[in-house]
Protein chains: 2
Amino acid sequence: MATPYFSKRNLQFLLHEVFRAEELTQYEYFSAHDRETFNLALDSATSIADTLMHPYLKEIDKNQPELRNGQVTVHPKVRDYLKAMGDAGLIGAGFSFEHGGQQLPELISSSIGFILMAANNGMMYTGLTSGAAHLITSFGSPELQAAYVPNMLAGTWQGTMALTEPQAGSSLSDVSTTAYPQPDGSYKIKGQKVFISAGDHDATDNIIHLMLARIEGAPRGTKGISLFVVPKYRLDGTDNDVTSTGIYHKMGQHGVPAMHLTMGERDDCIGYLVGEPHHGLPYMFQMMNEARIGVGMTAAAIATAAYHAALQYARERPQSRRLNEKSQLDSPQTPIINHPDVRRMLLFQKAVTEGSLSLLLEAARLYDISQVAEGDEKENAFLLLDLLMPMAKSYPSEMGVQSVSQSVQTFGGYGYTEDFPVEQLYRDIRITPIYEGTTGIQAQDLLGRKMTMKGGKAPQLLFAEISKTIAEAGTFDDLKPYADQLTAELKRTQDVMMALMPHAQQGNIERYLSDATLFLDLMGIVVVAWQWLKQAVVAKQALLTQNPQGDELAFYEGKIHTMKFFFHYEVPKTLGLAVRLKDTEVLTIVSEKELAL
Amino acid sequence: MATPYFSKRNLQFLLHEVFRAEELTQYEYFSAHDRETFNLALDSATSIADTLMHPYLKEIDKNQPELRNGQVTVHPKVRDYLKAMGDAGLIGAGFSFEHGGQQLPELISSSIGFILMAANNGMMYTGLTSGAAHLITSFGSPELQAAYVPNMLAGTWQGTMALTEPQAGSSLSDVSTTAYPQPDGSYKIKGQKVFISAGDHDATDNIIHLMLARIEGAPRGTKGISLFVVPKYRLDGTDNDVTSTGIYHKMGQHGVPAMHLTMGERDDCIGYLVGEPHHGLPYMFQMMNEARIGVGMTAAAIATAAYHAALQYARERPQSRRLNEKSQLDSPQTPIINHPDVRRMLLFQKAVTEGSLSLLLEAARLYDISQVAEGDEKENAFLLLDLLMPMAKSYPSEMGVQSVSQSVQTFGGYGYTEDFPVEQLYRDIRITPIYEGTTGIQAQDLLGRKMTMKGGKAPQLLFAEISKTIAEAGTFDDLKPYADQLTAELKRTQDVMMALMPHAQQGNIERYLSDATLFLDLMGIVVVAWQWLKQAVVAKQALLTQNPQGDELAFYEGKIHTMKFFFHYEVPKTLGLAVRLKDTEVLTIVSEKELAL
């Protein structure tokens, strides 16, 4: 039997029982869909994942892309995969019918991403293309849309997000790639970009970079950055002077080349402005939530695949005897899943991965509502989404790293070898706390912006949503203690904010944000606890009303058990975090004395 | 400038100021030494590390050993390194003069291991040889000693520890390799061993396996396991029928081959009994503390090298502006060390790595006293060492993994690439929580054996030792709050033990040990907090009595600052751990209902 890499039952549970995907079809925009069309799209993705991705997990890891004579060669299966994705309409799953898409909710298209990345995250190509094409459909002229989007959604052209430069990583205000206006309305581009994923390869016929650059003479900082379409080949087929000057050799995600690109070596690189001048960064940021859901999903997917591999191994691998039966040497060894410590490691992985997926689907559903609803409903969904994003990006990636580490540990020595997939997944997932905004950047975004924007309305909305779940859970005797515990966690979070706010009010932003990452950790635990309580309520209702048997009974009981595990093992970590966050001793802000590292 | 990989100043501080290495020379056994001979040995190791190890860090990672036609080829520099180590007398650093060693304390020889492994942990050969040779000198006949030890200490023969079998990893009682008595007193060996580090290679002229096997007809379980010397080539040069039937491809530590060995394929593998029959496991366990100090040192060394790389990068890499000066776009970007979040990550790495090294040197010093002292002093040192070992092995490895992860994070995207050493170190260190007893095994050893042996005398001794440090720290006004905090942590630990003990008393070992790993985490934080307070006391005394200036002033102030960081950021983690450990809800012990993972 092949190693399972995700649980279809769990995804169905989250989509249809917890997040009631079909309710989205009540909105006009999604009205062509129903539960069946949602599941058809998921099945189509699963089929591609099963046949064109998962079988090549190791092979693609082993055969890294290389840059030779200016050409980047990737595994031949990447082209097959991209064609299949285009043919199945899955690159455009979330695009409108008007733009040749399937007009599916983000709830479904991000679930598709989850399946694909669980199967083989080394084939992380199509999310980049979708993100780039979405920038064009959202902000580009009809001409740009017509010229570039169809081939991108067909999988024959690759899209990229070209933001980072050698001196401008987390600090995008320091982007220096320059665009020189030409008489015909186009621009000549000169500069360098680094870490451009899928920035050059031979599995598509063209590469379309969505690139940030500064129009000559533009203001300094983020207000002078514009967005351009910069293709590898122009529409007439001529070379556009985008040179692959380097390829990064990475610890993991070996299937996708990360490129160093130089534009304008021959002073002949043409770019086409997307939207208005100097609006590049706001445009990018309007796409950021989608992109960050994508990164979170990739992390959750990698950790999920590792968990299922570890679970299968733990069920099959005999080692030692039960702790109360140590002396019974004549009895056979027991599968390691029967050891409490192994079970603890597995429950940790299940709690982290299924909690992460739930949080990300919550974010995706809010994204959908923020797109298609109106008035207060739209605005509130948008605010809530904005607030949740730092956790939805960082919790799955930071805790996913720890989860895969526990998958490795479950295998013991074998987990460290290439005989099993977990060592690769351990390498692969380590990038996720870095790209699309490091954890430190997410933490500053959360505490420095999201918690305080619009007079703190977003956290008010979040606490109200969490309180709804708490109220529902409180109606079940055996869930009530956990509902109460979550109420106490909300109180704890508020106390922490009360302790921190004076620094912000006094304008000492450095002090206010000095432990922002710990605040992000705290909030991550709180919102994932909320997701677990939400899942437990649905499972409890199913147990009471559906009289499930066999696997179904086990599934729902497993949900409630894992919720308990999360509350008993993970939630208490907030105690230490809150103590530190309320602590008045400053240890990380620069002073001469503290420079003695 | 080459990247520094450890701090000589810190090692000197710990050895001479904190642990007062020279006091060991008051014992007859070490009386030939003084501070100068200790430092000469360290300098000799540093010279080898600088010239023969560190320059080949990446090259050795890139060129993994391969098994071809039964031959294992390793990087040619390994032979040079082993010869240099033998010539310098460093493989035998800890051996008695009688056995051709330097009779140096473990305090010094484990520091040598630290330096070597910080330089290039992919060249982890000599510790294995020392460990194997030490088994022979401790328990083997004079004939075995004469035949094998000199070439091993010279670096011309490799030693291995051959314990693990496919079905016997953590469960050594299931070892099934069999030894058949021969008329001449030797044994014929048949069986398989897996994951044998340095188990075959071409950098030495012979490989000497110290192998566990069961003499035909021996009792089941751990009481029927014997220890054998099983060479690759016999003393007359003939092949001894030990076949390399596989080589593991690992995530890291690429320089050292991990072998699958088959003994007796031609029924012609000879082994020589070490010591008494059926005493193999006790012999191994008498060497275990040394071996586990070695693994802890390897972990601390890898994390130290990663920390120094991250520190150097953070001082040199400009990115963004100070948080209170964000809008000053005309000012140059600031080195990232000036961002509180980066500083937090660096202080975390410093706190973990220097705390780990301190704990390991504490263990090494106790090892020395347990070897050379007499009466109560000897016994107490042995008990304390035994108790500390699970933390001294696990804290540096588990927290070292997290520390290197923060080193990667400090580099951002660059940390994920092969342009810098941290991605390799991240892969390398991940094995350390697995070998020489996984973290789960260490936890069972701590709570199931060490905390309760001899009526709980070991924790009493530990708490008395910690209380001495608390009393010293309490005499300084600015250290007193931390002394008080550590007192509270001792109380917390005792409360946890009180809550757990009834399960042990009722004989429900499975319940007693169900969260043993969390108890290990708790104790790890407590003993490292102790080490930091100890260092702070010494630093404080130096500041008050020596009037240090410049770098020296910064060094001592940095020690006190990092102690504070540990107490403010790491120690509060015990709150959540203690809550869970005292919690009565059992979630990891097997029941049908809980099998729904």
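Residues numbered from 1 in each chain as written. Chains lettered and ligands numbered in written order. Predicted model: local features only at pLDDT ≥ 70, side-chain atom pairs only at ≥ 80, totals over all residues.

Caption draft 1: Spotlight on the overall build of chain A. When its secondary structure is counted, chain A shows 18 helices and 10 strands. For 597 residues, the compact-globule estimate of 2.2 N^0.38 gives 25 Å, and chain A sits close to it at 24 Å. Dimensions of chain A along its principal axes, counting C-alpha atoms only, are 80 × 60 × 60 Å. Nonlocal contacts in chain A, meaning residues at least 24 apart in sequence, comprise 76% of its contacts between residues at least 6 apart. (Helix = DSSP H or I, 4+ residues; strand = E, 2+ residues; numbered from the N terminus. Rg over C-alpha atoms; globule rule 2.2 N^0.38 Å. Contact = placed C-beta atoms within 7 Å.)

Caption draft 2: Inspection of the interface of chain A and chain B at higher detail. Contacts between the two partners involve 80 residues from chain A and, on the opposite side, 80 residues from chain B. The set of elements that each furnish at least two residues to the side of chain A that touches chain B consists of helix H9 (340-372), helix H10 (375-411), helix H11 (422-429), helix H12 (439-450), helix H15 (509-512), helix H16 (516-546), helix H17 (550-570) and helix H18 (573-582) of chain A. At nine residues, the largest contribution of residues to the side of chain A that touches chain B is made by H17(A). Split by residue class, the side of chain A that touches chain B holds 33 nonpolar, 26 polar and 21 charged. (Nonpolar A, V, L, I, M, F, W, Y, C, P; charged D, E, K, R; others polar.)

Caption draft 3: Region of interest: the packing of helix H12 (residues 439-450) of chain B against helix H16 (residues 516-546) of chain B. Residues and elements named next belong to chain B. At a closest axis distance of 8 Å, the pairing of H12 and H16 adopts a crossing angle of 80°. For the element pair H12 / H16, the angle class is roughly perpendicular. When H12 is examined against H16, the residues Thr-439, Gly-440, Gln-442, Ala-443, Gln-444, Leu-446, Leu-447 and Gly-448 are found in contact with a partner set consisting of Ala-516, Thr-517, Phe-519, Leu-520 and Met-523. When grouped by side-chain class, the residues that make up the contact of H12 with H16 number seven nonpolar, six polar and no charged. (Axes fitted to C-alpha atoms, helices over the stretch in contact; angles between N-to-C directions. Parallel < 35°, antiparallel > 145°, perpendicular 65-115°, else oblique.)

Caption draft 4: Summary view of the relation of the copies chain A and chain B. Here chain A sits on chain B after a turn of 180° about the axis and a move of 0.0 Å along it, with an RMSD of 0.0 Å. On the angle and the small slide along the axis, the relation comes out as a two-fold axis. Looking at chain A, 100% of its interface residues are interface residues in chain B too, so the copies touch through the same face. (Least-squares fit on C-alpha atoms with pLDDT ≥ 70 in both.)

Caption draft 5: Structural detail: the nonpolar core. Counting residues in each nonpolar core, the largest one holds 406 residues, and the members touching the most others are Phe228(A) and Phe228(B). Those residues in contact with Phe228(A) that lie beyond four places of it in its chain are Ala179(A), Tyr187(A), Ile189(A), Met211(A), Ala213(A), Gly271(A), Tyr272(A), Leu273(A) and Val274(A). (Core = buried A, V, L, I, M, F, W, Y, C linked by C-beta atoms within 7 Å. Buried ≥ 20, exposed ≤ 12 C-beta atoms within 10 Å, placed from the backbone.)

Caption draft 6: Region of the structure containing the confidence of the model for chain A. Model confidence for chain A is summarised by a mean pLDDT of 96, while 98% of its residues fall at 70 or above. Confidence metrics for the complex model read pTM 0.97 and ipTM 0.97. (pLDDT = per-residue confidence, 0-100.)

Caption draft 7: Geometry of the UniProt feature "domain: Acetyl-CoA dehydrogenase-like C-terminal" (unreviewed entry) in chain A. Per the UniProt annotation, the sites labelled "domain: Acetyl-CoA dehydrogenase-like C-terminal" (unreviewed entry) are residues 462-584 of chain A. Secondary structure across residues 462-584 of chain A divides into 85% helix and 0% strand, with the first and last C-alpha atoms of the span separated by 27 Å. (UniProt positions renumbered as here; feature names shortened; annotations may be inferred.)

Caption draft 8: Just the pairing of strand E9 (residues 258-263) of chain A, in detail. Residue and element names in this part refer to chain A. Two elements, strand E5 (residues 187-197) and E9, share five bridges in a ladder whose sense is antiparallel. Following the sheet pairing, Gln-192 is matched in E9 by Thr-262. The pairing of strand E8 (residues 242-247) with E9 spans five bridges and is classified as antiparallel. Bridge pairing links Ser-244 to Leu-261 in E9. (Pairing = 2+ DSSP bridges.)

Caption draft 9: Helix H6 (residues 126-139) of chain A, seen in detail. When the terminal C-alpha atoms of H6(A) are compared, their 20 Å separation across 14 residues agrees well with the 20 Å that a helix rising 1.5 Å per residue should span. Burial within H6(A) is extensive, with 13 of its 14 residues counted as buried. (Expected span 1.5 Å × (residues − 1).)

Caption draft 10: Expanded view of unusual backbone geometry. With phi around 50°, Asn69(A) is a residue other than glycine that occupies positive phi space. Relative to the assigned elements, Asn69(A) resides in the loop between strand E1 (66-68) and strand E2 (71-73). With a phi close to 40°, Arg20(B) is a non-glycine residue in the positive phi region. Structurally, Arg20(B) is set in the loop between helix H1 (8-18) and helix H2 (35-53).

Caption draft 11: Expanded view of the environment of Leu42(A). Residue and element names in this part refer to chain A. Inspection of the secondary structure assignment puts Leu-42 in helix H2 (residues 35-53). Along the primary structure Leu-42 and Val-256 are separated by 214 residues, whereas in three dimensions their C-alpha atoms are 23 Å apart. Those residues in contact with Leu-42 that sit more than four places away from it in its chain are Ile-108, Ser-111, Ile-112 and Ile-115.

Caption draft 12: Structural view of the environment of Val256(B). All names here are of chain B. Looking at where Val-256 falls in the secondary structure, it is placed in the loop between strand E8 (242-248) and strand E9 (258-263). The class of Val-256 is buried, set by 22 C-beta atoms lying within 10 Å. Val-256 sits 303 residues away from Lys-559 along the chain, and the two C-alpha atoms are 35 Å apart. Leave out the neighbours within four places in its chain, and Val-256 touches Gly-122, Met-124, Tyr-125, Ser-197 and Ala-198.

Caption draft 13: Fine view of the packing of helix H9 (residues 340-372) of chain B against helix H10 (residues 375-411) of chain B. All names here are of chain B. Remark: H9 packs on H10, axes separated minimally by 8 Å, with the N-to-C direction vectors making an angle of 155°. By the criterion of interaxial angle, the relationship of H9 to H10 is roughly antiparallel. Relative to H10, H9 is oriented so that their crossing is left-handed. Across the contact of H9 with H10, the residue classes break down as 22 nonpolar, 10 polar and three charged. (Left-handed = near helix turned anticlockwise from the far one by under 90°.)

Caption draft 14: Seen up close, H10(A). All names here are of chain A. In a regular helix each residue adds 1.5 Å, so 37 residues correspond to 54 Å; H10 covers 52 Å between its end C-alpha atoms and thus fits that length. At Leu-388, H10 shows its strongest bend, of approximately 40°, with the proline Pro-390 following within four residues. Counting buried residues along H10, 29 of its 37 residues qualify, which places the element largely inside the surrounding structure. Following H10 by one or two positions, Gly-412 adopts a phi angle in the positive range, close to 60°. (Bend = angle between axes of the 7 residues up to and from the residue.)

Caption draft 15: Representation of the environment of Asp202(B) in the model. All names here are of chain B. Within the secondary structure layout, Asp-202 lies in the loop between strand E5 (187-197) and strand E6 (206-215). Assessed through the 13 C-beta atoms surrounding it within 10 Å, Asp-202 is described here as partly exposed. Separated by 332 residues in the primary sequence, Asp-202 and Lys-534 place their C-alpha atoms 45 Å from one another.

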